[in-house]
Amino acid sequence: MKLKSVQLLGTWVKNTNEYVNNNSNVALLIVNRKHCTENKPPTYALIKHHNEQREYLSGLYPTDTYNRFRIDYKGKNYIITFTENTLFTIEQKWCSYIIITFTYNL
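Chemist: Let's hear about the overall build of the protein: which residues, and what values?
Modeler: When helices and strands are counted, the protein shows zero helices and nine strands. Secondary structure elements of the protein, listed N to C terminal, follow the sequence β-β-β-β-β-β-β-β-β. Taking the intrachain contacts of the protein between residues at least 6 apart in sequence as the baseline, contacts between residues at least 24 apart amount to 24%. If you sum the accessible surface of the protein, you get close to 8000 Å²; carbon and sulfur atoms cover 50% of it.

Here is the structure:
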């Protein structure tokens with residue numbers, strides 16, 4: 001059974017132990033890892049489909065901004081911002097390209 005595409009953008013509100021978005025066909029779970037390695041962030045997100053099937057969404061990777069994390073799902077990159085314990089917003093994609101310029105004297 002193929003799962004429908006997931007709508008991630010928008011505001012998510014806590015409903016019992018999961019987060020819901022009126023524009024999405026799924027719920028999200030924010031989970032803390034029991035055993036964390038240095039290569040994986042301590043918190044990650046799961047997608048909960050209406051048939052109760054769960055799918056790994058992404059680890060929540062910290063950014064330079066407080067309560068703001070980057071996530072990636074199926075090759076698309078997003079920013080997730082927590083505004084309070086019962087609310088977060090997935091609002092934009094982030095650029096995965098970093099340009100570094102070196103200047104030196106000859």
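Chemist: Kindly report on the pattern of salt bridges, identifying the contributing residues and their values.
Modeler: Applying the stated rule across the entire model yields three salt bridges. The salt bridge involving Glu18 is made with Lys48; its shortest N-O contact spans 2.9 Å. Within this pair, whereas Glu18 is found in strand β2 (residues 18-20), its partner Lys48 is found in strand β4 (residues 43-48), the two being separated by 30 residues in sequence. Accessibility classification places Glu18 together with Lys48 in one group, the buried group. Among the salt bridges present, the one from Glu55 reaches Lys74, with a minimum N-O distance of 3.9 Å. With Glu55 in strand β5 (residues 54-59) and Lys74 in the loop between β7 (68-73) and β8 (76-84), this pair connects stretches of sequence that are 19 residues apart. Exposure remark for Glu55: the relative accessible area of 17% places this residue in the buried category. On the basis of relative accessibility, which here comes to 68%, the residue Lys74 falls in the exposed class. Several salt bridges converge on common partners, so that one network encompasses Glu18, Lys48 and Glu52.

Chemist: Describe in detail the side chain of Ser58, supporting the description with residues and values.
Modeler: Structurally, Ser58 is set in strand β5. Here Asp72 takes part through its backbone nitrogen, which lies 3.1 Å from a polar atom of the side chain of Ser58. Ignoring any residue separated from it by four or fewer positions in sequence, one finds Ser58 in contact with Tyr44, Ala45, Ile71 and Asp72.

Chemist: I'd love a proper account of the environment of Ser24, names of residues and values included.
Modeler: Relative to the elements of secondary structure, Ser24 occurs in the loop between β2 and β3 (27-32). For the pair Ser24 and Gly10, spaced 14 residues apart in sequence, the C-alpha separation works out to 8.6 Å. Here Gln7 takes part through its backbone oxygen, which lies 2.8 Å from a polar atom of the side chain of Ser24.

Chemist: Account for the nonpolar core, with residues named and values stated.
Modeler: Leu8, Leu28, Leu57, Phe88 and Ile90 are the most contacted members of the largest nonpolar core, which has 17 residues in total. Among the elements of the structure, β4, β7, β8 and β9 (87-92) are those that each provide at least two residues to this core. With three residues, β8 is the single largest residue contributor to this core. For Leu28, the residues in contact, after removing those within four places along its chain, are Leu8, Trp12, Glu18, Tyr19, Leu46, Ile47, Leu57, Phe88 and Ile90.

Chemist: Could you give an account of the pairing of β8, with specific residues and numbers?
Modeler: Where β7 meets β8, six bridges bridge the pair, whose relative direction is antiparallel. Bridge pairing in β8 places Ile71 opposite Tyr78. Following β7, the chain reverses through two residues before pairing antiparallel with β8; Lys74 in that reversal takes a positive phi of roughly 50°.

Reading guide: rules and limits
- Residues numbered from 1 in each chain as written.
- Predicted model: local features only at pLDDT ≥ 70, side-chain atom pairs only at ≥ 80, totals over all residues.
- Heavy atoms only, no water.
- Helix = DSSP H or I, 4+ residues; strand = E, 2+ residues; numbered from the N terminus.
- Contact = heavy atoms within 4.5 Å.
- Areas by Shrake-Rupley, 256 points an atom, 1.4 Å probe, with all protein chains shown as cover.
- Salt bridge = Lys/Arg side-chain N within 4 Å of Asp/Glu carboxyl O.
- Buried < 20%, exposed > 50% of the residue type's maximum accessible area, 1.4 Å probe, protein only.
- Polar contact = N/O pair within 3.5 Å; in protein donor to acceptor, adjacent residues only side chain to side chain.
- Core = buried A, V, L, I, M, F, W, Y, C linked by side-chain atoms within 4.5 Å.
- Pairing = 2+ DSSP bridges.

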